[in-house]
Amino acid sequence: MKRFFLALLAIINGFRRRRSEEPPGPSGPIVSPGPPAPRGAELAVAALLLVAALLGVGFMFVYATESVGNRTQWEGLTLGGAFLFLAIALITAGKHLVPEEEVEEDYHDPEHPSEEEAIDQIVRESGSRITRKKLLITAGGAAGAAVGLAAITPALTLGPLLDTDELRDTPWRRGLRLIGDDGKPMFADQVEEETFYTAFPEHAKRDLLGAPVVVVRLPPAQLKLPPERAQWAPMGIVAFSKVCTHAGCAIALYRKPTFAPTQPRPALVCPCHYSTFDPARGGEVIFGPAGRPLPQLPLMVGSDGVLRAGGNFSGQVGPSYSTVRSRGPT
Ligand code: FES
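Parameters and conventions
- Residues numbered from 1 in each chain as written.
- Predicted model: local features only at pLDDT ≥ 70, side-chain atom pairs only at ≥ 80, totals over all residues.
- Heavy atoms only, no water.
- Helix = DSSP H or I, 4+ residues; strand = E, 2+ residues; numbered from the N terminus.
- Buried < 20%, exposed > 50% of the residue type's maximum accessible area, 1.4 Å probe, protein only.
- Contact = heavy atoms within 4.5 Å.
- Areas by Shrake-Rupley, 256 points an atom, 1.4 Å probe, with all protein chains shown as cover.
- Disulfide = S-S within 2.5 Å.
- Salt bridge = Lys/Arg side-chain N within 4 Å of Asp/Glu carboxyl O.
- Pairing = 2+ DSSP bridges.
- Expected span 1.5 Å × (residues − 1).
- Axes fitted to C-alpha atoms, helices over the stretch in contact; angles between N-to-C directions.

A. A look at the overall build of the protein. Along the protein, the regular secondary structure elements total six helices and eleven strands. Buried residues in the protein amount to 40% of all 330 residues. For the protein, restricting intrachain contacts to residue pairs at least 6 apart in sequence, the fraction spanning at least 24 positions comes to 64%. For the protein, the exposed area adds up to about 18500 Å²; of that, 60% sits on carbon and sulfur atoms.

B. Broad picture of the state of the cysteines. Considering all chains together, one arrives at one disulfide under this definition. Linked covalently through their sulfurs, Cys249 and Cys272 form a disulfide whose S-S length is 2.0 Å. Sign of the S-S torsion, about -90° for the bond between Cys249 and Cys272, identifies this disulfide as left-handed. Highlighted residues: Cys249 in the loop between β4 (237-241) and β5 (253-255) and Cys272 in the loop between β6 (267-269) and β7 (276-278), separated in sequence by 23 residues. A residue is classified by how much of its surface remains accessible, and Cys272, at 37% relative accessible area, is partly exposed.

C. Quick peek at the environment of Ile237. Here Ile237 lies in strand β4. Remark: the alpha-carbon pair of Ile237 and Glu192, spanning 45 residues in sequence, is separated by 9.0 Å. Beyond its immediate chain neighbours, meaning those up to four positions away, Ile237 contacts Ala188, Val191, Val215, Val216, Arg217, Trp232, Leu299 and Leu307.

D. Quick look at the pattern of salt bridges. For the coordinates displayed, the defined rule picks out seven salt bridges. The closest approach of N and O atoms between Asp169 and Arg173, which form a salt bridge, is 3.7 Å. Exposure remark for Asp169: the relative accessible area of 42% places this residue in the partly exposed category. Ionic pairing is found between Asp278 and Arg265, a salt bridge with its closest N-O pair at 2.4 Å. Linking Asp278 in strand β7 with Arg265 in the loop between β5 and β6, this pair joins segments that are 13 residues apart in sequence. Counted as one network, the salt bridges with shared partners bring together Arg177, Glu202, Asp304 and Arg308.

E. The arrangement of the sheet that holds strand β1 (residues 178-180) in detail. Here we have five strands laid out as an open sheet, ordered β1-β2-β3-β4-β9, and antiparallel in their pairing. For this open sheet the edge positions go to β1 and β9 (296-297), each flanked by a neighbour on one side alone. Two strands pair when backbone bridges link them, and strand β3 (residues 213-217) and β4 are joined in this way by five bridges, in the antiparallel orientation. Opposite Val215, over in β4, you have Ala239 as the bridge partner.

F. Structural view of helix α2 (residues 39-64). The terminal C-alpha atoms of α2, which comprises 26 residues, lie 38 Å apart, in line with the 38 Å expected from a rise of 1.5 Å per residue. For α2, the complete set of buried residues consists of Ala41, Glu42, Val45, Ala46, Leu48, Leu49, Ala52, Ala53, Gly56, Phe59, Val62 and Tyr63. In this fold, the buried residues of α2 make contact with α3 (71-96) and α5 (133-152).

G. Quick look at the sheet that holds β5. The antiparallel open sheet is built from four strands, whose spatial order is β5-β6-β7-β8. Each of the sheet's edge strands pairs with one partner strand only, and the pair in question is β5 and β8 (284-287). The average undirected angle you get between the axes of adjacent strands in this sheet is 35°.

H. Local environment of the pairing of β4. For β4, the tally of buried residues reaches five of five residues, placing the bulk of the element in the interior. Summarising the sheet, β4 and β9 pair through two bridges and their orientation is antiparallel. Paired with Ala239 across the two strands is Leu297, which belongs to β9.

Quick look at the structure:
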């Protein structure tokens, strides 16, 4: 481990100081000059660093390219490989490029400025036998930059960096038919009470954030929708985004009372943290950590008896993040 850090420090030190600019300390060199480091070892370290840099760049490419097959495996292979080659490069540098120093006494924290200078001098002179500094510095810089950038690239998954419009876009438009899980149009008179359905917009990609909706049917007398949504629930059928407004899990549970007089009304439940939404009251939150209602999709019944969207959602689809309340879906 000591060699590993000495190699790292010796390479980094090359960025700041050139050998010719650094005179030895007042009492002469501490690290004996010794023979130049083996050229083969220098080239091997440079090659290992460049491979680490290429793998780091490869990871960023795979991460940004959706069409790559077995993407997850390639991401693991490239990022893991980048760290592996970086570690091998530093170990090799520590073994073959850095002079070995045996310390006989216990190491203690420097208490005097002259001791700190001596340590600084040891680190500086540890790289004195390296003859291809420029090559190693370039390779080390490339590897450090590529692996560093690769390591922070996954943070982009936390959300769009600049343009958040795609999160507001949904495929729902007035007149689009609802297609069930089985790929068939959803007929209004086939939607039963106490049952939970998933539907998608006709001809749209199912993996879009705003595509899936949950559909349930309630006795019309139970509906307490906001006045402007009075026409959104033909035959008591209501539809909501299937994406939980807490952290984006799929709404996958439907709680229905087994003894209506004493048990709570039907509710849509997210299995992740049990946010519970009231379909009879426009998807409002009645329990759990979600901070806003499920966006409701207006429904209408076409002349063919198939359920159709009456427009877009009542609010923004998806998990909450900053500014989510300020703009609606597009
Ligand atoms: S993601 Fe649904 S409750 Fe947390």
